[in-house]
Every structure is written in C-alpha cells, then in structure tokens.
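Next come the chains, spelled out residue by residue.
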Amino acid sequence: MTEDSARSVRLREALNLIPSYVPGKPAPQREGFTTYKISSNENPYPPLPSVLSVIAEAASQVNRYPDMSVTALRTAIAEHFGVRLEEVATGTGSVGILGQIMQIACDPGDEVVFAWRSFEAYPIIVGLSGATAVQVPLTADASHDLLAMAAAITERTKVVLVCTPNNPTGPIVTAPDLDSFLAAVPSDVLVVIDEAYVEFGRDPRAADALAVWRSHPNVVVLRTFSKAYGLAGLRVGYAIAHEPIADALRKAAVPFGVSDLAQQAAIASLSAYDELAVRVEDLVIERSRVIKALREQGWDVPDSQANFIWLPLGDDALAFAEVAAEQGLVVRPFAGDGVRCTIAEVEANDRLIEVAAAYRGR
Ligand SMILES: *Cc1c(COP(=O)(O)O)cnc(C)c1O
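None of these values were measured; they are calculated from a predicted model.

**Student:** So what's going on with the overall build of the protein? Residues and values would help.
**Tutor:** Along the backbone of the protein there are 13 helices and 12 strands. For a compact globule of 362 residues, the expected C-alpha radius of gyration is about 21 Å, and the protein comes in at 21 Å, within 12% of that figure. Principal-axis analysis of the C-alpha atoms places the extent of the protein at approximately 60 × 55 × 50 Å. Looking at the protein as a whole, 52% of its 362 residues qualify as buried. Restricting to contacts in the protein with at least 6 residues of sequence separation, those with at least 24 account for 72%. Per element, the accessible surface of the protein, about 16,800 Å² overall, is 54% carbon and sulfur. Charged side chains of the protein number 30 positive and 45 negative; the gap between the two group centres comes to 3 Å.

Put into structure tokens, the structure is as follows:
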C-alpha cells in the first residue's frame, strides 16, 4: 500500500535511464573451503599496523565533526606530489569527486564524453547530473580510442573522462596519445584523467597525468586511497586541479564528507607509502604471472597496468562467473562483454588460473 502510494511521488525522470551500480558480491561460504572476492579491485592486504593504530586513535573522536577543509590531508598530498594546497580537493572516494565534477561543470543537456566499456560508475554519475553520456567504443585492443573521443566533442561537451589504466579492461593511455588528444580538445572543456590504478603501472610509455596537468589549465587528475593504499572502506580520494577548478570542487563537496578516520588514515598511508609500495610490487609481479599463464592457456587477455585482468568472454561472461563462484571465486562479469578479475592473494590467483584452464578445456 505505502509502496504503491510512494510510486506517485514525482522523482526526476533522469533516474529511469540510470543503471544501478552492481557492487561485488560477498563470496559464497562453504565448510573447509576458502573463498575469494576478486570482484571489486580491492587490495587483499589488511591495513598496515601503523595505519590501524592511527585509525583506532581517531575512533575516540568520532563524536566530533572532522576538519571540514581537510587541511592536514591536503597539505600532506600537496607535499607528496609537489603541488600547492590550493590545488588539492578531496572527496568521499574519487567517485565522490566525480559527482562534484558533474555538479561544477554540467547542466542538464550538456554532454560528457567517455570511453566504453569503462568504469561502471561513469554512466550513473553522469546520468544523475542530468547530462548526456556520450560513450565512445574502445579499440580492438581494449584501449581508449582518443581520436574518436576527440571527434565526439561538440558545442555541448563540458567534460571528457579519460580512465588510465582503463577499468575494467586494463590498458593505459600513452603519453604521446594523451598529448595529441589534449591538443585537439577545446580549452574550455574539462578533461578528467582518472588514475585510480596509477600506482600499479609499470609501462614506461604511460602518460604522466601530473606532468601533463601542469601545462594544461583544463586538466584535472583524479586519484584515490582505495586501491594501492588499501583504504577502500574509508572513502577518500582527491583531485589535483588548477586553483579555480579545485576551489569549485571544494564548494561542491559534501560538508564533512571525508571522515576524520579517513583523513588520518590517508595521511598515515601517504607517509607509509614505501611499505605499501612493496605490497603493490608483489601484486604487479602476480599480475604478470597470471597474464602469462592465461595467455598460455589461449586467453586473449589485454595488457593490464592495473590490479585486475580482463577476460573478453562476450556472451559467456555470466556463465564463466557462475563456474568461478562454484570454485569459490567471486569475479565481476559484465553481461555480453567480459569478466574482470582482481589480482589478489597468491592462492586466489592460482585458483583463477585453474578455473580459467578448466573453463577452456570444457
Ligand atoms: C575504484 C575506482 C575509482 C575510485 O573509487 P573510490 O573508492 O571512490 O575512490 C575511481 N575510478 C576508477 C576507474 C576506479 O576503478
């Protein structure tokens, strides 16, 4: 009854076009059998003891609001990357900042260009803003087609999202490709370079967004503490942007959105990055091992510079995910397209290699 009446409440029409975010499912539990959730690109390592103790300390203050201007964390980020405090904005994860970007740049009817398939949050966040998503298909090797993206820009385009390495397929955008792309984009269009996985990159040809940002007033670099830094559960990400843009991003932030736990943990993680980098390096080595094994099995795995790999299964994506779940592996299928698998503990990676081999051998 109440449900039915609630349906007559007028909500925005834009909602009808927006897909719901599909979170990674919890692993099915079975007696005497370890299961692994490799569906959300999380870091498999628990927080460092030094970070945990900072979080515990901060927990005793949760009756207080956090520092609204996030000064200590922004200062730490600014020092870490050699930028000014005014050029740093934070948000509740970099997904939170993406929402702020839409709020500062887009009115209903404006266009946002991004590659597809790319990060599943993009169409949701763009749709919620009332802007129109313009999706440009990836190339055959699962990379951004930057020429086509530049060609898709119109008078109405306000924002272009560039995801490198690309989630969920893995390839990077190269430095020369990004340079020519930026030369082709009108200077009043905001270009967001989403580097959620940059710490996992080892390809010397990769674009260096921080270097590029300096010489392009319309470029914003997005980073997060969720992946390499292992703080996904605390929701903290940041943008490095020129001052007028960073100012606007701070205006659009949810007041007190980044908790004190998150701010303190992020500061501690930045200063412990050498320790975290060892873990990141282990995951990078595991990534090479997994890709090599899968290619030897005959899988056409795109080059990944992130903490996940892509199996281009097409219509078999859901079937593969079911088989993997039976073997205690929760992967992330995209129906009709492929399956993304996070590089995780060695045992989880071994299991993935086995499941993939068995699947091919069917
Ligand atoms: C995970 C991810 C993010 C960041 O997520 P937050 O946890 O909100 O910081 C941003 N972009 C891409 C492409 C991602 O995969």
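Having seen the structure, we can now continue with the description.
**Student:** Which residues make up empty space enclosed by the protein, and what values do they have?
**Tutor:** With the rule as written, the count across this model stands at one cavity of 30 Å³ or more. If you add up the space inside the largest cavity, you get close to 50 Å³. Taken together, Asn43, Tyr45, Pro46, Pro47, Leu48, Val51, Tyr229, Gly230, Leu231, Ser269, Leu276 and Arg279 make up the lining of the largest cavity. Its residues assigned to classes, the lining of the largest cavity comprises eight nonpolar, three polar and one charged.

**Student:** So what's going on with the UniProt feature "modified residue: N6-(pyridoxal phosphate)lysine" (unreviewed entry) in the protein? Which residues, and what values?
**Tutor:** Feature annotation in UniProt places "modified residue: N6-(pyridoxal phosphate)lysine" (unreviewed entry) on Lys227, given in this structure's numbering. Exposure remark for lysine 227: the relative accessible area of 13% places this residue in the buried category. Leave out the neighbours within four places in its chain, and lysine 227 touches Ser40, Asn41, Asn43, Ala196, Tyr197 and Phe200. Among the polar contacts listed, one links the side chain of lysine 227 to the side chain of tyrosine 197, at a separation of 3.1 Å.

**Student:** Can you tell me about the sheet that holds strand 11 (residues 332-334), naming the residues and giving the values?
**Tutor:** Ordered by their spatial adjacency, three strands build an open sheet running 9-12-11, and the pairing between neighbours is antiparallel. The open sheet is flanked by strand 9 (308-311) and strand 11, the only strands paired with a single partner. Taken pair by pair, the neighbouring strands of this sheet meet at an average axis angle of 20°, ignoring direction. Along the sheet, helix 12 (residues 317-326) makes contact with strand 9, strand 11 and strand 12 (338-342), crossing strand 11 at roughly 165°.

**Student:** An account of the domain arrangement of the protein is needed here, citing residue identities and associated values.
**Tutor:** Examined at the domain level, the protein breaks down into domain 1 (24-41 + 274-360) and domain 2 (49-271). For domain 1 and domain 2, the distance between their C-alpha centroids amounts to 25 Å. If you look at the interface, domain 1 gives 20 residues, while domain 2 gives 22 residues. Counting each side, the surface lost to burial between domain 1 and domain 2 is near 1,800 Å², with a carbon and sulfur contribution of 56%. Considering only the side of domain 1, the residues that lose the most area to domain 2 are Leu276, Val280 and Gln305, jointly responsible for 30% of the buried surface there.

**Student:** An account of helix 9 (residues 243-251) is needed here, citing residue identities and associated values.
**Tutor:** All of the buried residues along helix 9 are Ile245, Ala246 and Leu249. Projected down its long axis, helix 9 carries its buried residues within an arc of 100°, all on one side. Away from its buried face, by an angle of more than 90 degrees, helix 9 presents the exposed residues Pro244 and Lys251. Looking at the buried side of helix 9, the elements it contacts are strand 2 (88-91), helix 4 (93-105), strand 6 (190-194), strand 7 (219-224) and strand 8 (237-240).

**Student:** Give a description of the side chain of arginine 223 that names residues and reports values.
**Tutor:** Turning to its location among the elements, arginine 223 is positioned in strand 7. A polar contact is formed between the side chain of arginine 223 and the side chain of glutamate 195, at a distance of 2.8 Å. Residue contacts for arginine 223: discarding those within four places in its chain leaves Phe81, Ser94, Glu195, Val198, Leu210, Gly237 and Tyr238.

**Student:** I'd like a rundown of the site of the ligand, residues and numbers included.
**Tutor:** The full set close to the ligand counts 13 residues, and Ser94, Tyr197, Thr224, Ser226 and Lys227 are the nearest of them. The contact in question runs from an oxygen atom of the ligand to an N or O atom on the side chain of serine 226, over 2.6 Å. Between the ligand and the protein, one listed contact pairs an oxygen atom with a side-chain N or O atom of lysine 227 at 3.3 Å. When the ligand is considered free in solution it has 380 Å² of accessible area, and contact with the protein chains removes 94% of it. Per-element tally for the shell around the ligand: the top contributor is helix 4, with three residues. Among the residues forming the shell around the ligand, the class breakdown is five nonpolar, five polar and three charged.

Calculation notes
Residues numbered from 1 in each chain as written. Predicted model: local features only at pLDDT ≥ 70, side-chain atom pairs only at ≥ 80, totals over all residues. Heavy atoms only, no water. Helix = DSSP H or I, 4+ residues; strand = E, 2+ residues; numbered from the N terminus. Rg over C-alpha atoms; globule rule 2.2 N^0.38 Å. Buried < 20%, exposed > 50% of the residue type's maximum accessible area, 1.4 Å probe, protein only. Contact = heavy atoms within 4.5 Å. Areas by Shrake-Rupley, 256 points an atom, 1.4 Å probe, with all protein chains shown as cover. Lys, Arg positive; Asp, Glu negative; His and termini not counted. Charge placed at Lys NZ, Arg CZ, Asp CG, Glu CD. 1 Å grid on protein atoms, 1.4 Å probe; cavity = no way out; pocket = protein on both sides within 12 Å on 5 of 7 lines; lining within 4 Å. Points joined across faces, edges and corners; volume = space filled by probe spheres on them. Nonpolar A, V, L, I, M, F, W, Y, C, P; charged D, E, K, R; others polar. UniProt positions renumbered as here; feature names shortened; annotations may be inferred. Polar contact = N/O pair within 3.5 Å; in protein donor to acceptor, adjacent residues only side chain to side chain. Pairing = 2+ DSSP bridges. Axes fitted to C-alpha atoms, helices over the stretch in contact; angles between N-to-C directions. Domains from an automatic or database assignment. Buried area = accessible area lost by both parts, 1.4 Å probe. Arc of directions from axis to C-beta. Near = heavy atom within 4 Å.

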